[in-house]
Amino acid sequence: MQFEFLAPYRPQLLSVLRIITGLLLFQYGVAKLFKFPVLPYFANIPPLIVAAGTLELVLGALLIVGLFTRLSAFILSGEMAFAYFMGHMFKTGEPVWHPLNNGGTGAALFCFVCLYLASAGAGPWSIDASRGKS
């Protein structure tokens, strides 16, 4: 089945992917740092999770508006890879490889979406594009 009717909208859909990814990461930063919404697993977080929340808050906001998109997405991709291996795969001490078993599906997906955004850029609906830096 061909979906060529979507082809003219590829640049705009890239911007939508960037905006939604930024919003989702931003919400994790808000939850970790500002405790909103109140979630039990973000109640008393260690300093490493505070650092992760700061990256997600600041760089997620940059992704939303499309400023320094490639750099922000590249850093977030690395953070998500680190989160997958340190926070999910080895959280029990023994390696649990499968994302369904270790709860790391979101981290793995964010890692590769951000890696794609680092490669593809911000799209037309961004500050980067208006500055001619996309």
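Model, not experiment: these values are computed from the prediction.

A. Here's a closer look at the pattern of salt bridges. Using the criterion set out here, one finds two salt bridges in the structure. With a closest N to O distance of 2.9 Å, Lys-32 and Glu-56 form a salt bridge. You can see Lys-32 sitting in helix H1 (residues 10–34) and its partner Glu-56 sitting in helix H2 (residues 47–65), a full 24 residues away along the chain. Comparing Lys-32 with Glu-56, the two get one shared label, buried. Arg-131 is paired through a salt bridge with Asp-128; the nearest N and O atoms lie 3.6 Å apart. One end of the pair, Arg-131, and the other, Asp-128, are both in helix H6 (residues 127–131), three residues apart, so they sit about a helical turn from each other.

B. Inspection of the packing of H1 against helix H5 (residues 105–120) at higher detail. Packing of H1 against H5 brings their axes to within 11 Å, and their N-to-C directions diverge by 135 degrees. Relative to H5, the element H1 lies oblique. The handedness of the crossing between H1 and H5 comes out as left-handed. Counted together, Leu-14, Leu-17, Arg-18, Thr-21, Leu-24, Leu-25 and Tyr-28 of H1 and Phe-110, Val-113, Cys-114, Tyr-116, Leu-117 and Ala-120 of H5 form the full contact between these two elements. Classifying every residue of the contact of H1 with H5 by side-chain character gives 11 nonpolar, one polar and one charged.

C. Spotlight on the side chain of Asn-102. Looking at where Asn-102 falls in the secondary structure, it is placed in helix H4 (residues 99–102). In this structure the side chain of Asn-102 is engaged in a polar contact, spanning 2.8 Å, whose partner is the backbone nitrogen of Gly-104. Beyond its immediate chain neighbours, meaning those up to four positions away, Asn-102 contacts Tyr-84, His-88, Met-89, Lys-91, Val-96 and Trp-97.

About the cut-offs
- Residues numbered from 1 in each chain as written.
- Predicted model: local features only at pLDDT ≥ 70, side-chain atom pairs only at ≥ 80, totals over all residues.
- Heavy atoms only, no water.
- Salt bridge = Lys/Arg side-chain N within 4 Å of Asp/Glu carboxyl O.
- Helix = DSSP H or I, 4+ residues; strand = E, 2+ residues; numbered from the N terminus.
- Buried < 20%, exposed > 50% of the residue type's maximum accessible area, 1.4 Å probe, protein only.
- Axes fitted to C-alpha atoms, helices over the stretch in contact; angles between N-to-C directions.
- Parallel < 35°, antiparallel > 145°, perpendicular 65-115°, else oblique.
- Left-handed = near helix turned anticlockwise from the far one by under 90°.
- Contact = heavy atoms within 4.5 Å.
- Nonpolar A, V, L, I, M, F, W, Y, C, P; charged D, E, K, R; others polar.
- Polar contact = N/O pair within 3.5 Å; in protein donor to acceptor, adjacent residues only side chain to side chain.

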